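Here are the chains, one letter per residue:
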Amino acid sequence: TLVLSLLLFLPVAAASAQTVEFLCVVSSDEGTAEISESLLSGCEDTFFDLGIIATDSRPVALDRDAWLDPALGIAPAREGLIEYLVSIYIEYGSVQAGGRLLPVALLYRVIRVEDASVLGSGSVDVPQASVDSPKKLEAFSRALGADLAKSCLPIIMPSYMGEIS
């Protein structure tokens with residue numbers, strides 16, 4: 001009977017889970033993959049902690065105008081049965097950290113995939129950071145991703161009150 005109960009419960013649990021995909025567009029892919037991917041990990045970890053199913057794809061280098069295209073990422077998200085698309089634009093600047101570019105601007109849009117409507121948009125302040133080691137760089141990037149996710153959560157989950165530390 002336990003197996004039967006689980007089989008009956010799992011479809012209901014899966015049907016109620018929210019699904020989010022992070023689409024990451026970067027201004028440059030010259031030595032920025034590690035930072036971008038750590039930032040995405042910070043986003044996903046924050047969502048997973050709230051029980052939201054999150055996924056991403058590899059960062060892609062495009063200019064800001066291409067990122068603003070309302071159709072960008074919608075078709076693959078629909079095919080993947082994603083509810084919300086968080087479209088992120090990371091602008092990398094000339095500040096070097098261990099030979100790497102650092103983010104100077106971080107913009108986002110939260111899009112309901114079903115009708116491609118933009119539910120909200122904004123930016124996250126990118127602090128000046130001393131990232132003189134790979135561990136510090138990863139921690140900085142993950143924290144930036146967590147901040148971005150926390151900015152998006154009230155749009156996706158109106159009941160979110162900021163309890164995640």
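Residues numbered from 1 in each chain as written. Predicted model: local features only at pLDDT ≥ 70, side-chain atom pairs only at ≥ 80, totals over all residues. Heavy atoms only, no water.

Peer 1: Explanation requested: the overall build of the protein chain in the structure shown.
Peer 2: Along its length, the protein chain carries five helices and six strands. Listing each helix as α and each strand as β along the protein chain from the N terminus yields α-β-α-β-β-α-α-β-β-β-α. For the protein chain, the residues scored as buried account for 40% of the 165 residues in total. A separation of at least 24 residues holds for 66% of the contacts in the protein chain among residues at least 6 apart in sequence. Within the structure as shown, the protein chain displays about 8,900 Å² of accessible surface, and the carbon and sulfur contribution to it stands at 57%. (Helix = DSSP H or I, 4+ residues; strand = E, 2+ residues; numbered from the N terminus. Buried < 20%, exposed > 50% of the residue type's maximum accessible area, 1.4 Å probe, protein only. Contact = heavy atoms within 4.5 Å. Areas by Shrake-Rupley, 256 points an atom, 1.4 Å probe, with all protein chains shown as cover.)

Peer 1: Whenever I open this one, the state of the cysteines confuses me. Can you help?
Peer 2: Here a disulfide denotes a covalent bond joining the sulfur atom of one cysteine to the sulfur atom of another. Counted according to the given criterion, the structure contains zero disulfides. C24 takes part in no disulfide bond, and the closest cysteine sulfur, belonging to C43, lies 8.3 Å away. Here C152 stays unpaired: no disulfide links it, and the sulfur of C43, its closest cysteine neighbor, is 7.0 Å away. A residue is classified by how much of its surface remains accessible, and C152, at 0% relative accessible area, is buried. (Disulfide = S-S within 2.5 Å.)

Peer 1: Sorry if this is basic, but what is going on with the confidence of the model for the protein chain here?
Peer 2: As a note on interpretation, predicted positions should not be read in detail where pLDDT is low. The share of residues in the protein chain with pLDDT of 70 or more is 82%, and the mean pLDDT across the chain is 85. The low-confidence segment residues 2–15, where pLDDT is below 50, has zero contacts with residues more than four positions distant or belonging to other chains. (pLDDT = per-residue confidence, 0-100.)

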